[in-house]
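Residue-level structural notes
The residues making up each chain are set out below.
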Amino acid sequence: MTKLAVISAGLREPSSTRLLADRITEAVQTALAGRDLAASASVIELRRLGRAITDTMLTGFAPPELESAFDTVGTADGVIAVTPAFNASYSGLFKSFFDVLPEETLSEMPVLIAATGGTERHSLVLEHAMRPMFSYLHAVVSPTGVYAATDDFGAQHGAVGLSERIAKAADDFTRLLHACGPHTRRDVSGEELTEMQRLLSAANLRDGNETVED
């Protein structure tokens with residue numbers, strides 16, 4: 001079973017951002033089914049976690065509901081991340097969530113990026129803002145993202161074009177998930193402890209050698 005974490009940063013209800021997230025998730029599940037792979041999806045609505053995210057930024061301690069979201073992301077095999085675009089970048093809420101997400105949670109994690117906006121002018125948010133951020137977080141970003149303007153949800157021509165873009169992104173993401181396989185969560189604290197023990201052992205060995213030489 002492939003586990004997907006779907007992160008939606010829509011600020012309103014109903015939200016075009018959540019609508020896009022749902023359509024992409026459905027397309028990915030369909031594409032995985034075409035490879036005889038089942039998939040479950042857990043949706044994280046950042047709007048409902050806004051206060052918890054802010055408190056965590058101020059105190060350094062995440063409340064239980066945010067810890068649960070972190071665990072959902074960390075135990076997933078792939079992430080679908082969707083944000084509304086503001087001034088050609090991601091929303092502050094979207095960025096803040098990833099600012100407080102524990103270090104290395106997204107390391108080697110396949111991620112499909114997507115965004116919504118009022119016009120096509122914001123479409124470069126995918127390549128100029130989202131892709132660099134997730135690359136910095138050591139995620140494996142799928143080659144094809146999805147941008148949807150308001151008109152894409154309305155006129156028949158726009159709807160058809162959006163459906164085709166979603167299908168292409170889903171196919172590419174499915175190939176990436178298949179290539180990466182099940183995701184193994186990094187134990188950063190364990191790695192740090194192991195490294196500390198290695199350094200202490202090396203120091204003790206060095207001190208022992210110096211004593212023998214004396």
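Summary of the structure given here. (Residues numbered from 1 in each chain as written. Predicted model: local features only at pLDDT ≥ 70, side-chain atom pairs only at ≥ 80, totals over all residues. Heavy atoms only, no water.)

1. Regarding the overall build of the chain
Each helix and strand counted, the chain has seven helices and seven strands in total. When its helices and strands are written in sequence order, the chain yields β-α-β-α-α-β-β-α-β-α-β-β-α-α. When each of the 214 residues of the chain is scored for burial, the buried share is 45%. For the chain, the accessible area works out to roughly 11,500 Å², and carbon and sulfur atoms hold 53% of it. (Helix = DSSP H or I, 4+ residues; strand = E, 2+ residues; numbered from the N terminus. Buried < 20%, exposed > 50% of the residue type's maximum accessible area, 1.4 Å probe, protein only. Areas by Shrake-Rupley, 256 points an atom, 1.4 Å probe, with all protein chains shown as cover.)

2. What about the packing of aromatic side chains?
In the structure shown here, the tally under the stated rule is six aromatic pairs. Here Y90 and F94 contribute two aromatic rings whose centre-to-centre distance is 6.2 Å and whose plane-to-plane angle is 35 degrees, an arrangement assigned as tilted. Owing to a relative accessible area of 19%, Y90 belongs among the buried residues under this scheme. An angle of 75 degrees between the planes, with centres 6.1 Å apart, marks the rings of F94 and F134 as edge-to-face. Taken together, the residues F94 in helix α4 (residues 92-100) and F134 in helix α5 (residues 125-136) connect sequence positions 40 residues apart. With respect to class, F94 is no different from F134; both count as buried. Clustering of aromatic rings is evident, with ring pairs tying together F70, Y90, F94, F97, F98 and F134. (Phe/Tyr/Trp six-rings, centres within 6.5 Å; stacked < 30°, edge-to-face > 60°.)

3. Considerations on the pairing of strand β1 (residues 2-8)
Taken across its seven residues, β1 has six buried, putting it largely inside the fold. Pairing of β1 with strand β2 (residues 39-45) involves seven bridges; the strand directions are parallel. Pairing of V6 across the sheet is with V43, part of β2. You can see the chain leave β1, run along helix α1 (residues 16-33) and come back into β2, and the turn it takes is right-handed. Sheet topology note: the β1/strand β3 (residues 78-86) ladder contains five bridges and is parallel. Across the sheet, the residue bridging to S8 is V82, located in β3. (Pairing = 2+ DSSP bridges. Right-handed = clockwise from strand over helix to strand, strands pointing away.)

4. Observations regarding the nonpolar core
Core analysis: the biggest nonpolar cluster contains 38 residues, and L46, F94, F97 and F134 have the highest contact counts within it. The set of elements that each furnish at least two residues to this core consists of β1, α2 (50-59), α3 (64-74), β3, α4, β5 (110-117), α5 and β7 (146-149). Of all the elements, α5 adds the most residues to this core, at six residues. Residues contacting L46, with those up to four places away along its chain left out, are I7, S8, A9, I53, L93, F94 and F97. (Core = buried A, V, L, I, M, F, W, Y, C linked by side-chain atoms within 4.5 Å. Contact = heavy atoms within 4.5 Å.)

5. Let's talk about the packing of α4 against α5
Closest axis-to-axis distance for the α4/α5 pair is 12 Å, and the angle between their directions is 5 degrees. In terms of orientation, α4 and α5 fall into the roughly parallel class. Packed against α4, whose contacting residues are F94, K95 and F98, the element α5 presents M130, M133 and F134 at the interface. In the contact of α4 with α5, the residues fall into five nonpolar, no polar and one charged. (Axes fitted to C-alpha atoms, helices over the stretch in contact; angles between N-to-C directions. Parallel < 35°, antiparallel > 145°, perpendicular 65-115°, else oblique. Nonpolar A, V, L, I, M, F, W, Y, C, P; charged D, E, K, R; others polar.)

6. Brief notes about the pattern of salt bridges
Counted by the stated rule, this structure contains nine salt bridges. Between E13 and R48 there is a salt bridge, with its nearest N and O atoms 3.6 Å apart. With E13 in the loop between β1 and α1 and R48 in the loop between β2 and α2, this pair connects stretches of sequence that are 35 residues apart. In this structure E13 comes out as exposed when scored by relative accessible area, which is 53%. On the basis of relative accessibility, which here comes to 62%, the residue R48 falls in the exposed class. (Salt bridge = Lys/Arg side-chain N within 4 Å of Asp/Glu carboxyl O.)

7. What about α4?
Inspection of α4 places L93, F94, S96, F97, F98 and V100 among the buried residues, and these make up the whole buried set. Here the buried face of α4 lies against β1, α2, α3, β3, β4 (89-90) and α5.

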